[in-house]
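What follows is the residue order along each chain.
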Amino acid sequence: SMASPALLMRVVASAYSVAEKAATIVRNVMSAGDLGIVEKAGPNDLQTKADRLVQMSICASLARKFPKVTIIGEEELPTDDVTEDLIEDGHCEEILKKPCPAQYTGIKEEELVIWVDPLDGTKEYTEGLLDHVTVLIGIAYGGKAIAGVINQPYYNYEAGANAVLGRTIWGVLGMGAFGFQLTEAPAGKHIIVTTRSHSSALVNECITALNPDHVIRVGGAGNKIIQLIEGKASAYVFASPGCKKWDTCAPEAILHAVGGKITDICGNSFQYNKEVKHMNSAGVLATLRNYDYYASRIPNTVKESLVP
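Conventions and cut-offs
- Residues numbered from 1 in each chain as written.
- Predicted model: local features only at pLDDT ≥ 70, side-chain atom pairs only at ≥ 80, totals over all residues.
- Heavy atoms only, no water.
- UniProt positions renumbered as here; feature names shortened; annotations may be inferred.
- Phe/Tyr/Trp six-rings, centres within 6.5 Å; stacked < 30°, edge-to-face > 60°.
- Helix = DSSP H or I, 4+ residues; strand = E, 2+ residues; numbered from the N terminus.
- Buried < 20%, exposed > 50% of the residue type's maximum accessible area, 1.4 Å probe, protein only.
- Contact = heavy atoms within 4.5 Å.
- Polar contact = N/O pair within 3.5 Å; in protein donor to acceptor, adjacent residues only side chain to side chain.
- Pairing = 2+ DSSP bridges.
- Axes fitted to C-alpha atoms, helices over the stretch in contact; angles between N-to-C directions.

- Per an unreviewed UniProt entry, the chain carries the name 3'(2'),5'-bisphosphate nucleotidase 1 and comes from Motacilla alba.
- The Cofactor (unreviewed entry) field of the UniProt record for the chain holds the comment "Mg(2+)".
- Checking UniProt for the chain, the heading Sequence similarities (unreviewed entry) contains the comment "Belongs to the inositol monophosphatase superfamily."

### Some thoughts on the packing of aromatic side chains
Right, on to step 1. Under the defined criterion, the tally for this structure stands at six aromatic pairs.
Right, on to step 2. Measuring from centroid to centroid gives 6.2 Å for Y104 and Y141, while their planes differ by 85 degrees, and the two rings are edge-to-face. Of this pair, Y104 sits in the loop between α3 (93-96) and β4 (112-120) while Y141 is found in strand β5 (residues 134-141), placing the two residues 37 residues apart along the sequence.
Right, on to step 3. Overall, Y104 belongs to the buried group, its relative accessible area being 6%.
Right, on to step 4. Taking the relative accessible area as the measure of exposure, Y141 reaches 27% and is therefore partly exposed.

### Digging into the environment of R167
Right, on to step 1. On the secondary structure map, R167 appears in strand β7 (residues 167-172).
Right, on to step 2. Judged by its relative accessible area of 11%, R167 is buried.
Right, on to step 3. C-alpha of R167 to C-alpha of L129: the two residues are 38 residues apart in sequence and 17 Å apart in space.
Right, on to step 4. Setting aside its immediate chain neighbours within four residues, R167 contacts I150, N151, Q152, Y155, G179, F180, I226 and E230.
Right, on to step 5. A polar side-chain atom of R167 sits 2.6 Å from a polar atom in the side chain of Q152.
Right, on to step 6. Only 2.9 Å separates the side chain of R167 from the side chain of E230, close enough to count as a polar contact.

### Structural notes on the sheet that holds strand β12 (residues 261-263)
Right, on to step 1. Overall, mixed pairing links the five strands, which are arranged β10-β9-β11-β13-β12 in an open sheet. With partners counted over all chains shown, the strands left at the sheet margins are β10 (214-217) and β12, one partner each. Averaged over all pairs of adjacent strands, the angle between strand axes in this sheet comes to 20 degrees, irrespective of strand direction.
Right, on to step 2. Relative to strand β11 (residues 235-238), strand β9 (residues 191-194) runs parallel, the two being bridged by two bridges. By the bridge assignment, I192 is partnered in β11 with A235.
Right, on to step 3. Taken strand by strand, helix α6 (residues 221-229) contacts β9, β10, β11, β12 and β13 (284-287), and its axis lies near 150 degrees from that of β11.

Set out below in C-alpha coordinates:
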(Lines give C-alpha, C1' and ligand atoms only; values in the text may rest on other atoms or scores of the structure.)
Protein backbone atom coordinates (compact mmCIF):
# COMPACT_ATOMS: atom_id res chain seq x y z
CA SER A 1 0.00 0.00 0.00
CA MET A 2 1.07 3.61 -0.50
CA ALA A 3 2.79 5.22 2.45
CA SER A 4 0.81 8.22 3.64
CA PRO A 5 2.18 11.52 2.27
CA ALA A 6 4.97 13.18 4.25
CA LEU A 7 3.92 15.96 6.65
CA LEU A 8 5.49 18.69 4.48
CA MET A 9 3.42 17.67 1.46
CA ARG A 10 0.26 17.57 3.57
CA VAL A 11 0.97 21.07 4.89
CA VAL A 12 1.63 22.44 1.39
CA ALA A 13 -1.48 20.70 -0.01
CA SER A 14 -3.61 22.22 2.76
CA ALA A 15 -1.97 25.65 2.41
CA TYR A 16 -2.91 25.57 -1.29
CA SER A 17 -6.63 25.13 -0.50
CA VAL A 18 -6.44 27.57 2.41
CA ALA A 19 -4.93 30.19 0.05
CA GLU A 20 -7.74 29.66 -2.47
CA LYS A 21 -10.30 30.19 0.30
CA ALA A 22 -8.38 33.34 1.31
CA ALA A 23 -8.65 34.66 -2.25
CA THR A 24 -12.42 34.20 -2.16
CA ILE A 25 -12.59 36.19 1.09
CA VAL A 26 -10.42 38.96 -0.41
CA ARG A 27 -12.70 39.22 -3.46
CA ASN A 28 -15.88 39.08 -1.37
CA VAL A 29 -14.75 41.92 0.92
CA MET A 30 -13.91 44.06 -2.11
CA SER A 31 -17.20 43.40 -3.90
CA ALA A 32 -19.20 44.05 -0.71
CA GLY A 33 -17.69 47.54 -0.80
CA ASP A 34 -16.83 48.14 2.87
CA LEU A 35 -13.08 47.60 3.24
CA GLY A 36 -13.04 48.55 6.94
CA ILE A 37 -9.68 50.34 6.65
CA VAL A 38 -7.64 50.92 9.82
CA GLU A 39 -4.33 52.82 9.91
CA LYS A 40 -1.72 50.91 11.91
CA ALA A 41 1.54 52.91 11.99
CA GLY A 42 0.46 55.51 9.44
CA PRO A 43 -1.13 56.12 6.03
CA ASN A 44 1.20 53.63 4.29
CA ASP A 45 0.58 50.93 6.91
CA LEU A 46 -3.03 49.91 6.51
CA GLN A 47 -5.17 47.01 7.60
CA THR A 48 -8.53 46.13 6.05
CA LYS A 49 -11.35 43.76 6.89
CA ALA A 50 -9.80 41.42 4.28
CA ASP A 51 -6.44 41.34 6.13
CA ARG A 52 -8.25 40.45 9.36
CA LEU A 53 -10.63 37.81 8.00
CA VAL A 54 -8.01 36.17 5.79
CA GLN A 55 -5.48 35.89 8.59
CA MET A 56 -8.08 34.36 10.89
CA SER A 57 -9.09 31.93 8.16
CA ILE A 58 -5.53 30.85 7.27
CA CYS A 59 -4.22 30.56 10.82
CA ALA A 60 -7.27 28.81 12.27
CA SER A 61 -7.58 26.40 9.32
CA LEU A 62 -3.91 25.36 9.45
CA ALA A 63 -3.79 25.27 13.27
CA ARG A 64 -6.77 22.94 13.35
CA LYS A 65 -5.03 20.45 11.01
CA PHE A 66 -1.47 20.91 12.29
CA PRO A 67 -1.80 21.93 15.94
CA LYS A 68 1.93 21.73 16.79
CA VAL A 69 3.14 23.92 13.93
CA THR A 70 4.12 27.51 14.86
CA ILE A 71 2.09 29.97 12.77
CA ILE A 72 3.12 33.64 12.68
CA GLY A 73 0.83 36.13 10.94
CA GLU A 74 1.24 39.81 10.23
CA GLU A 75 -1.82 41.08 12.08
CA GLU A 76 -2.24 41.19 15.86
CA LEU A 77 -5.58 39.43 16.22
CA PRO A 78 -7.55 37.36 18.71
CA THR A 79 -7.56 33.70 17.64
CA ASP A 80 -10.48 32.33 19.62
CA ASP A 81 -13.50 33.82 17.83
CA VAL A 82 -13.06 32.33 14.37
CA THR A 83 -16.42 31.38 12.84
CA GLU A 84 -16.81 28.03 11.05
CA ASP A 85 -17.41 29.71 7.68
CA LEU A 86 -13.78 30.89 7.76
CA ILE A 87 -12.39 27.36 8.15
CA GLU A 88 -11.00 25.59 5.06
CA ASP A 89 -10.57 21.85 5.53
CA GLY A 90 -9.63 20.85 1.97
CA HIS A 91 -6.31 20.07 0.32
CA CYS A 92 -4.92 19.87 -3.21
CA GLU A 93 -4.82 16.19 -4.30
CA GLU A 94 -2.30 16.97 -7.03
CA ILE A 95 0.27 18.12 -4.44
CA LEU A 96 -0.26 15.06 -2.23
CA LYS A 97 0.57 12.81 -5.20
CA LYS A 98 4.06 14.28 -5.57
CA PRO A 99 6.89 12.62 -3.65
CA CYS A 100 8.40 14.71 -0.86
CA PRO A 101 12.08 15.64 -1.38
CA ALA A 102 14.11 13.13 0.64
CA GLN A 103 15.70 15.74 2.93
CA TYR A 104 12.24 16.72 4.24
CA THR A 105 10.53 13.36 4.73
CA GLY A 106 11.25 13.14 8.46
CA ILE A 107 10.02 16.60 9.50
CA LYS A 108 7.80 16.77 12.58
CA GLU A 109 5.02 19.30 13.10
CA GLU A 110 6.78 21.15 15.90
CA GLU A 111 9.79 21.76 13.62
CA LEU A 112 7.80 23.85 11.11
CA VAL A 113 7.14 27.59 11.22
CA ILE A 114 4.51 29.05 8.89
CA TRP A 115 4.77 32.77 8.05
CA VAL A 116 1.50 34.32 6.85
CA ASP A 117 0.88 37.60 5.07
CA PRO A 118 -2.90 37.56 4.63
CA LEU A 119 -2.92 40.43 2.13
CA ASP A 120 0.43 41.56 0.72
CA GLY A 121 -0.09 44.92 -0.98
CA THR A 122 -2.88 46.21 1.30
CA LYS A 123 -2.35 49.82 0.22
CA GLU A 124 -2.68 48.83 -3.43
CA TYR A 125 -5.82 46.82 -2.58
CA THR A 126 -7.42 49.93 -1.07
CA GLU A 127 -6.48 51.92 -4.20
CA GLY A 128 -7.86 49.38 -6.67
CA LEU A 129 -4.46 48.20 -7.99
CA LEU A 130 -5.75 44.68 -7.63
CA ASP A 131 -3.12 42.85 -9.65
CA HIS A 132 -0.50 43.87 -7.05
CA VAL A 133 -2.24 41.91 -4.28
CA THR A 134 -1.12 38.47 -3.07
CA VAL A 135 -1.82 36.07 -0.20
CA LEU A 136 1.42 34.58 1.14
CA ILE A 137 1.89 31.34 3.11
CA GLY A 138 5.58 30.49 3.67
CA ILE A 139 6.81 27.30 5.33
CA ALA A 140 10.15 27.23 7.12
CA TYR A 141 12.25 24.43 8.61
CA GLY A 142 15.57 24.84 10.40
CA GLY A 143 15.28 28.61 9.92
CA LYS A 144 15.10 28.24 6.14
CA ALA A 145 12.18 28.92 3.76
CA ILE A 146 11.54 25.50 2.19
CA ALA A 147 8.04 25.75 0.71
CA GLY A 148 5.59 28.45 -0.20
CA VAL A 149 2.20 29.28 -1.61
CA ILE A 150 1.39 32.59 -3.34
CA ASN A 151 -2.18 33.27 -4.37
CA GLN A 152 -3.07 36.20 -6.65
CA PRO A 153 -6.79 36.74 -6.04
CA TYR A 154 -7.11 39.10 -9.01
CA TYR A 155 -4.83 37.42 -11.54
CA ASN A 156 -6.51 37.95 -14.94
CA TYR A 157 -8.93 40.56 -13.60
CA GLU A 158 -8.53 42.75 -16.68
CA ALA A 159 -9.05 39.85 -19.11
CA GLY A 160 -12.84 40.21 -19.38
CA ALA A 161 -15.93 38.69 -17.81
CA ASN A 162 -15.28 35.08 -18.87
CA ALA A 163 -11.68 34.93 -17.63
CA VAL A 164 -10.90 32.66 -14.70
CA LEU A 165 -10.02 35.00 -11.84
CA GLY A 166 -7.05 34.28 -9.57
CA ARG A 167 -4.28 31.69 -9.51
CA THR A 168 -2.16 29.85 -6.98
CA ILE A 169 1.60 29.41 -7.38
CA TRP A 170 3.38 26.95 -5.09
CA GLY A 171 6.83 25.48 -4.70
CA VAL A 172 9.04 23.24 -2.59
CA LEU A 173 12.85 23.35 -2.47
CA GLY A 174 14.29 20.34 -4.25
CA MET A 175 11.10 19.86 -6.26
CA GLY A 176 10.44 23.07 -8.18
CA ALA A 177 7.60 25.57 -8.44
CA PHE A 178 4.28 25.27 -10.22
CA GLY A 179 1.26 27.25 -11.41
CA PHE A 180 3.08 29.71 -13.69
CA GLN A 181 5.36 29.72 -16.74
CA LEU A 182 9.00 30.20 -15.66
CA THR A 183 10.51 32.89 -17.91
CA GLU A 184 13.83 34.72 -17.80
CA ALA A 185 14.08 38.49 -18.22
CA PRO A 186 15.49 39.68 -21.59
CA ALA A 187 19.25 39.00 -21.72
CA GLY A 188 21.43 42.08 -21.26
CA LYS A 189 18.54 44.21 -19.99
CA HIS A 190 18.63 45.51 -16.40
CA ILE A 191 15.04 45.90 -15.34
CA ILE A 192 14.63 46.69 -11.65
CA VAL A 193 11.39 46.15 -9.76
CA THR A 194 11.09 48.13 -6.53
CA THR A 195 8.69 49.65 -4.03
CA ARG A 196 5.80 51.82 -5.09
CA SER A 197 4.77 53.48 -1.81
CA HIS A 198 7.89 53.21 0.41
CA SER A 199 10.44 55.11 -1.65
CA SER A 200 13.30 57.09 -0.06
CA ALA A 201 16.56 58.80 -1.00
CA LEU A 202 18.42 55.60 -0.13
CA VAL A 203 16.09 53.40 -2.20
CA ASN A 204 16.62 55.68 -5.20
CA GLU A 205 20.39 56.07 -4.69
CA CYS A 206 20.74 52.31 -4.76
CA ILE A 207 18.68 51.93 -7.94
CA THR A 208 20.56 54.72 -9.73
CA ALA A 209 23.86 53.00 -8.93
CA LEU A 210 22.66 49.90 -10.78
CA ASN A 211 22.22 51.97 -13.97
CA PRO A 212 18.94 50.28 -14.92
CA ASP A 213 17.38 50.27 -18.38
CA HIS A 214 13.97 50.42 -16.75
CA VAL A 215 12.46 50.67 -13.24
CA ILE A 216 9.08 49.14 -12.36
CA ARG A 217 7.40 50.47 -9.20
CA VAL A 218 4.77 48.10 -7.83
CA GLY A 219 3.30 47.11 -4.47
CA GLY A 220 3.76 43.82 -2.67
CA ALA A 221 6.79 41.55 -2.16
CA GLY A 222 4.89 38.56 -3.55
CA ASN A 223 4.06 40.54 -6.68
CA LYS A 224 7.71 41.56 -7.13
CA ILE A 225 8.97 37.96 -6.95
CA ILE A 226 6.34 37.01 -9.55
CA GLN A 227 7.77 39.74 -11.81
CA LEU A 228 11.15 37.95 -11.52
CA ILE A 229 9.96 34.40 -12.18
CA GLU A 230 7.82 35.51 -15.13
CA GLY A 231 10.70 37.43 -16.72
CA LYS A 232 9.22 40.92 -16.41
CA ALA A 233 12.08 42.15 -14.20
CA SER A 234 15.69 41.07 -13.72
CA ALA A 235 16.20 42.23 -10.11
CA TYR A 236 14.06 43.18 -7.11
CA VAL A 237 15.93 45.85 -5.15
CA PHE A 238 14.68 47.49 -1.96
CA ALA A 239 17.34 49.39 0.03
CA SER A 240 15.22 50.09 3.10
CA PRO A 241 13.85 48.45 6.21
CA GLY A 242 10.10 47.80 6.13
CA CYS A 243 9.83 44.37 4.61
CA LYS A 244 9.00 41.62 7.14
CA LYS A 245 9.56 37.86 7.36
CA TRP A 246 5.97 37.10 6.30
CA ASP A 247 6.59 39.19 3.12
CA THR A 248 9.63 37.18 2.06
CA CYS A 249 9.17 33.58 3.32
CA ALA A 250 6.77 32.21 0.67
CA PRO A 251 8.31 34.20 -2.22
CA GLU A 252 11.81 33.11 -1.16
CA ALA A 253 10.87 29.41 -1.18
CA ILE A 254 9.37 29.71 -4.67
CA LEU A 255 12.29 31.76 -6.03
CA HIS A 256 14.88 29.37 -4.56
CA ALA A 257 12.93 26.35 -5.86
CA VAL A 258 13.55 27.60 -9.42
CA GLY A 259 17.22 28.51 -8.90
CA GLY A 260 16.90 32.20 -8.00
CA LYS A 261 18.38 33.99 -5.02
CA ILE A 262 17.15 36.45 -2.39
CA THR A 263 19.12 38.10 0.42
CA ASP A 264 19.17 41.41 2.22
CA ILE A 265 21.00 44.31 0.51
CA CYS A 266 24.22 43.28 2.27
CA GLY A 267 24.05 39.70 0.96
CA ASN A 268 22.87 37.96 4.16
CA SER A 269 20.32 35.14 4.00
CA PHE A 270 17.02 35.58 5.83
CA GLN A 271 16.34 33.41 8.89
CA TYR A 272 12.83 32.14 9.57
CA ASN A 273 13.00 30.33 12.92
CA LYS A 274 10.22 31.33 15.32
CA GLU A 275 12.49 33.40 17.61
CA VAL A 276 13.76 35.63 14.81
CA LYS A 277 12.87 39.34 14.68
CA HIS A 278 10.13 40.05 12.19
CA MET A 279 11.71 42.98 10.34
CA ASN A 280 14.09 42.51 7.40
CA SER A 281 16.05 45.58 8.49
CA ALA A 282 18.58 45.55 5.68
CA GLY A 283 16.15 45.46 2.77
CA VAL A 284 15.94 43.00 -0.12
CA LEU A 285 17.96 42.01 -3.18
CA ALA A 286 16.51 39.23 -5.33
CA THR A 287 17.05 37.86 -8.83
CA LEU A 288 16.07 34.80 -10.84
CA ARG A 289 19.50 34.84 -12.56
CA ASN A 290 22.73 36.92 -12.36
CA TYR A 291 22.50 37.67 -8.63
CA ASP A 292 26.24 38.43 -8.41
CA TYR A 293 26.03 41.10 -11.11
CA TYR A 294 23.58 43.14 -9.02
CA ALA A 295 25.11 42.33 -5.61
CA SER A 296 28.52 43.54 -6.77
CA ARG A 297 27.07 46.91 -7.79
CA ILE A 298 25.27 47.82 -4.57
CA PRO A 299 27.17 50.88 -3.23
CA ASN A 300 29.00 50.49 0.09
CA THR A 301 27.36 53.71 1.30
CA VAL A 302 23.99 51.98 0.89
CA LYS A 303 25.15 48.82 2.69
CA GLU A 304 26.62 50.87 5.55
CA SER A 305 23.36 52.70 6.15
CA LEU A 306 21.36 49.45 6.39
CA VAL A 307 22.23 47.40 9.44
CA PRO A 308 20.84 43.83 9.46
